[in-house]
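Residue-level structural notes
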Amino acid sequence: MMYSRLVRSFHIFLLVCCSVPLKANVLQGNAPEGSGQTFTFPTSAHAASPKGDFFYIGAQCTADGSDFAVSTVVKNSNALVPMTPSTVWLNNVADQPNPLFNAGIQFLGLLSPAENNTGLPREITHAPLVVTTNDLTSLYVIDLFFSSRKAVLSANSIKDASGTLVTSGIVGIGNMADQCAIAAVKSNAGGNFGASGSGIAVLKLDTKKTESAGVISSSRVLEQVDAPIGSPVGSQTRALPLDIATPAVKIFNNLVSMNDNAVFHWDANFGRLYVGLQVTGGVCPTDGARSVIMVAPTQTGKFVIQTIAIDAVFANQNEIIGGIGANTQVSVHRINTMYTSTSLHYLIVQGGNGDAASTKRTVYALPLVGNNADAALLGVIANKNQVFNPAYGTFTEPAMDNSQMTTSDDFAASIGGDELLAGDITDMIVRGDTVYVTVSNPAMNQIPGIFYSQALFDSTQKITRWTNWKPVGGSIDPIFGATIDPLYDIISMTGIQGNIITRGMWGTGAQDGLLGGTLTSESVGLVSLLGAGFPKDIAGIQGLFDFPFTTPGLNAQTSLLVATGLNKIVLVETGVSNGTTLVPNLGDFTTDQVTFPDGTITYDLPAPMAMPRVVTIAGGALSDLGPITRAEIGVDNVSSEQSAWLFVGGIDGLAVLSKPDGSGWDPSVGLGPNFVGLTNGMAFKKIGNYEFVRKLMADGHLLYVMTDTKLDVIDLSASNFATGLLSFVTLATPSSALGLISQDTFTDFIVSGQCALLSTSRGLLRVGNGADISTATTVEEVKWTQVTLPQSVGPVTQLFAITSSGRVQDFTQCCGGNIYVLNAYVGYSQAQIARFNSRNLMGSTIDESTLLEIPNFFPGVAVSAPILNFNGFRDLITTDGSMMFSGLDKDLEQPPVVISTTGMKRSVRSAGFVNAKIPLAINSYSYLARMLRSSASGSWLVGGDFGLQVNESCSTLTIT
């Protein structure tokens, strides 16, 4: 049959290989090598290239006599390149003292000149924009246009909006298009930004050619241009006026004030500059303020300020970028735009309604008009209620009244689900459908680091909700700023004063202070421990499972990682609650580790050991399971004697960890910390009559067991694990009216309350209309119904669900979720992804709207297509919204590989041109078991016959 070879799983073969580990690094700067620091001075200002692969850093104060006042780190480099030597070509004159040498940097921005005669890649010609701490009236650019020169251009004495007077200070910089620098300038008269005479200065980086005696020479200039529309007054060069009386910021009467702060983002799709401000409205109850404006270039070379939303949409003080009321305050700290994988545009702002101090922990998304016959409406806030045909859809209608305006109460607006509890946000990065933020100074009982939230979409392609904030990168260091490049190398500024620059890399993470061990020992790390526990001669790790602290049975005290292999499992406590938040375990995982070699717990944990983070159980009934590929925590939460158990399954059956009387641990107490709940006499017992267990999934008091050819549900409240008597119902077999034949198999399964999805060698099935899998007693009651996949290639091999809570079992709870379906057939050498929205079923029943495709269309063709076609077979997928990771096991002489795909957009069916191979050291190995992100640390984990490899940043803390 054409579907006979679907996926390569149950890896029981033996392997011989070697590994060359990659190590996460503290990058080298001017500090002595081996000092554990990058710089001998603090840093603060920073800027990243649009792709994230170049990161520029500025010294906060004098740079200790070095040329690292501004420096950069490029892709695949472990050292920063200094960019501010003592002498340079200054304004086209050679061998001049460099005004940036040893300087403190107040603001740092970036231009990407379009013209390039250097012969170098375009990325290398990024031109940093610089304002120094001792001169707030001048703007400098480090110009790489001439590859033979170390050049700096300056624009001194930048004019304010009056055109005759020099600004008293720059309060923010940015860029517009490729060669226009932007500076928010205060009035010459002083006072706060926003006083009369304040504005936005526009400066152009350009090449001028002159001819003398038949010889043409080129020179580079950075010159302020006259920005406002209107007849110039004499030879004046004026900033574009922006003050408390500007109509685009005030509502009714003039503002009371603006803060000395302006942030910028240039959106090339719209040709608009977004400007974020911190403003206070007038004193009357009907006065108001807007904290975001747009600046648009005109065909005459001038610039205009545009209103982002009309007055009528503001009625309260919850409209995020504006509000009505006496002395209302609205603040923006950082601003960006998102162009989603569904091809819709959103404004992303850190801030909201309130003063600057109280709005540093909230991030919001507001829809933007992406197409309108009136060009002046392009990029303004869109009507959040707009209904459009998803085949051609984009937001075309601007918000016209308060009912159409996005507010902070909208689930679709609140990135992370709520404010970030970790602390004040110090940086914000937008990649794909995901927003990343950093925290340097944590709130009480919280931890710093990097966190992310991913957009969830409805069937019309609009954002409907965001995932809760989750950690990224492993490190709990204070993070002042970061960039994330397409290979997921995280470059961050850490340390007490941002003087340590780290790069997260793929590999073993040796001595990274995180999962790769302590700063002095690789052998005590989790990567080494699991590598030794699951060596190549027993086929390595064959199952890898993350249980977040919200998992029933863990009782919000701890998070758990379970690694499985031949006749053995390893339980890893990955994080423990401090009473307020989960703190990841890092560094040393070997001290006090516990091993039970006979499948039985022989003493109460944690005694007599001190604080075990790792428990290994082997032998006993586990020896009867062969290669163990699945693990799940199940809970009886309905009977009078509630229990929680650990279940594992493999090629030769299913087993449960229980006490002699069949009970587990007390779910009200939970498992842990240090594995409290595992008690003397607990042992694994083989239960049921199963072979080739492909999936275990618990939901409520039910445990679903899927094999190649059967789906059972076990009622945990009615089963007796002491006697082995199971209360179960068979809910599916290939011969049970599913449209399958005897040669077909089941490949994956997910469940949420009354709804479930079952993937097979012939496609995808869902629970039928009006049915409830949690109460069904026969196959017929489930009413399995075929789900149509766009341009299907046949088998469905993996289901990947994303929910706001992070638990797969919630995909029909709360506000639903998104489900990625891997539709792959090795016989055709094809793999593609379809994406579905699952709606909230609480209080309702399953119908045709329960599971709806999030469609992808080619331009002008109303025929749905997969969102991604890999142009080849894939064994597994995972995504965090910023990129899609896909994995392929060894195929003949081709080694296993993990590939990162970025830039997904509607109508982009082929992924070939946005693929990048992840640099894992697995060329001599054979298969990938699982790829996931640790819910505790945020590290990416890849398991297989090579053991464990990770992606995480260095820790600059002393981990013991």
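1. A short note on the packing of aromatic side chains
Going through the model one piece at a time under the given rule, you end up with 14 aromatic pairs. Judged by centre distance (5.0 Å) and plane angle (80 degrees), the ring pair of W645 and F721 falls under edge-to-face. Of this pair, W645 sits in strand β43 (residues 643-650) while F721 sits in the loop between β48 (711-715) and β49 (728-732), and the two are 76 residues apart along the sequence. Taken as a pair, W645 and F721 share a single burial class, namely buried. Connected via pairs of aromatic rings, a cluster forms that spans F39, F41 and F68. Above the plane of the ring of W89 lies R149, whose end atom (NZ or CZ) is 3.7 Å from the centre. In this structure, R465 packs its charged tip against the face of F411, placed 4.3 Å from the ring centre.

2. Concerning the state of the cysteines
Applying the stated criterion to the full structure yields zero disulfides. Here C755 stays free of any disulfide, with the sulfur of C814 as its closest cysteine sulfur at 16 Å. Accessibility expressed as a relative area gives 4% for C755, which makes it buried.

3. Quick word on the pattern of salt bridges
The full count for this structure, using the stated rule, is 17 salt bridges. A salt bridge links D427 to R334; the shortest N-O distance between them is 3.9 Å. Separated by 93 residues along the polypeptide, D427 in strand β27 (residues 423-431) and R334 in strand β24 (residues 329-339) bring together distant segments of the chain. Among the ionic pairs, D712 bridges to K710, the shortest N-O distance being 3.7 Å.

4. What about the nonpolar core?
By size, the foremost hydrophobic cluster in this structure holds 52 residues, and its most contacted members are I321, L347, I348, I381 and V435. For this core, the secondary-structure elements that each account for two or more residues are β21 (292-297), β24, β25 (345-353), β26 (363-367), β27, β28 (434-442), β29 (449-457) and β30 (463-466). If we ignore the near neighbours within four places in the chain, the residues touching L347 are Y274, V292, I308, I321, I335, N336, T337, Y364, A365, L366, L368 and I381. Counting 40 residues, the second largest nonpolar core, distinct from the first, contains I773, V779, A834 and L851.

5. Points about the environment of S759
Note that S759 resides in strand β51 (residues 755-760). Spatially, the C-alpha atom of S759 lies 36 Å from that of S953, the residues being 194 residues apart in sequence. Contacts of S759, omitting those with residues within four sequence positions, involve F746, T747, D748, L764, V796 and L799. Side-chain polar atoms of S759 contact the side chain of T747, separated by 2.7 Å.

6. Overview of the sheet that holds strand β60 (residues 884-888)
Taken together, the four strands give an open sheet; going across it, the order is β59-β60-β61-β62, and neighbouring strands pair in antiparallel fashion. The strands lining the two open edges of the sheet, one partner per strand, are β59 (876-879) and β62 (915-917). Each strand of the sheet is rotated relative to its neighbour by a mean of 25 degrees, with strand direction disregarded. Of the pairings in the sheet, the one linking β60 to strand β61 (residues 897-901) comprises five bridges and is antiparallel in character. Counted as the bridge partner of G887 is V898 from β61.

7. Considerations on the side chain of D880
With respect to the helices and strands, D880 occurs in the loop between β59 and β60. The buried category is assigned to D880, whose relative accessible area is 0%. Of the polar contacts made by the side chain of D880, one reaches the side chain of R933; its length is 2.8 Å. Once you skip the residues sitting within four places of it in the chain, D880 turns out to touch T434, Y436, Y452, Q454, Y488, R933 and W940.

8. Quick look at helix α1 (residues 526-533)
Among all positions of α1, only L526, V527, L529, L530 and G533 are buried. With its buried residues spanning 165 degrees around the axis, α1 presents them on a single face. Buried residues along α1 sit in contact with β37 (558-565), β38 (568-577), β41 (614-618) and β65 (947-952).

9. What about the environment of T132?
Among the secondary structure elements, T132 is positioned in strand β9 (residues 127-132). Residue classification places T132 among the buried positions, given a relative accessible area of 2%. For the pair T132 and V614, spaced 482 residues apart in sequence, the C-alpha to C-alpha distance is 51 Å. Those residues in contact with T132, other than ones at most four positions away along the chain, are L100, A103, G104, I105, Q106 and Y140. A polar contact is formed between the side chain of T132 and the side chain of N134, at a distance of 2.8 Å.

10. Some words on unusual backbone geometry
That bond from L605 to P606 is cis: its omega, 10 degrees, falls within 30 degrees of zero. Tracing the chain through its elements places P606 in the loop between β40 (594-596) and β41. In this structure, the amide linkage connecting G672 to the following residue, P673, adopts the cis form with an omega of 0 degrees. Among the structural elements, P673 can be located in the loop between β44 (653-658) and β45 (683-687). Its identity as a non-glycine residue notwithstanding, N102 has a phi of 60 degrees, on the positive side. The topology assignment puts N102 in the loop between β7 (93-97) and β8 (105-111). A positive phi angle, near 55 degrees, is found at S157, a position not held by glycine. Secondary-structure assignment places S157 in the loop between β11 (151-155) and β12 (170-176).

11. A short note on the side chain of D458
Structurally, the position occupied by D458 is in the loop between β29 and β30. One buried charged residue, D458, forms no salt bridge at all, with the nearest opposite charge on K462 at 5.2 Å. In this structure, D458 is in contact with T464, N837 and I854, ignoring residues within four places of it in sequence.

12. A look at the sheet that holds β9
Strand order in the open sheet formed by six strands is β7-β6-β11-β10-β9-β8, and the pairing between neighbours is mixed. At either end of the open sheet lies a strand with only one pairing partner, and these are β7 and β8. Looking at each pair of strands side by side, their axes are set apart by 35 degrees on average, direction ignored. Direction of pairing for β9 relative to strand β10 (residues 135-143): antiparallel, over a ladder of three bridges. Counterpart to L129 in the pairing with β10 is V141.

13. Observations concerning the pairing of β48
Remark: a regular strand shows side chains that alternate across the two faces of the sheet. Taking burial as the measure, the five residues of β48 include five buried ones, the bulk of the element. Neither face of β48 is open: one carries L711, V713 and D715, the other D712 and I714, and all of them are buried. In the sheet, strand β47 (residues 702-707) pairs with β48 via five bridges, with the strands oriented antiparallel. Bridge pairing in β48 links Y704 to V713. Counting the residues in the hairpin turn of β47 and β48 gives three residues. Judged from the four bridges that link them, β48 and β49 form a sheet pairing that is antiparallel. In the strand pairing of β49, L711 is matched with A732.

14. Focus on the confidence of the model for the protein
Fine structural detail should not be taken from predicted coordinates in areas where pLDDT scores are low. Looking at the protein, pLDDT values average 90 and 94% of them are 70 or higher. Within the model, the stretch residues 1-23 combines pLDDT values under 50 with 81 contacts to residues more than four positions away or in other chains. The low-confidence segment residues 114-124, where pLDDT is below 50, has 25 contacts with residues more than four positions distant or belonging to other chains.

The rules behind each value
- Residues numbered from 1 in each chain as written.
- Predicted model: local features only at pLDDT ≥ 70, side-chain atom pairs only at ≥ 80, totals over all residues.
- Heavy atoms only, no water.
- Phe/Tyr/Trp six-rings, centres within 6.5 Å; stacked < 30°, edge-to-face > 60°.
- Helix = DSSP H or I, 4+ residues; strand = E, 2+ residues; numbered from the N terminus.
- Buried < 20%, exposed > 50% of the residue type's maximum accessible area, 1.4 Å probe, protein only.
- Lys NZ or Arg CZ within 6 Å of the ring centre and 35° of its normal.
- Disulfide = S-S within 2.5 Å.
- Salt bridge = Lys/Arg side-chain N within 4 Å of Asp/Glu carboxyl O.
- Core = buried A, V, L, I, M, F, W, Y, C linked by side-chain atoms within 4.5 Å.
- Contact = heavy atoms within 4.5 Å.
- Polar contact = N/O pair within 3.5 Å; in protein donor to acceptor, adjacent residues only side chain to side chain.
- Pairing = 2+ DSSP bridges.
- Axes fitted to C-alpha atoms, helices over the stretch in contact; angles between N-to-C directions.
- Arc of directions from axis to C-beta.
- Lys, Arg positive; Asp, Glu negative; His and termini not counted.
- pLDDT = per-residue confidence, 0-100.

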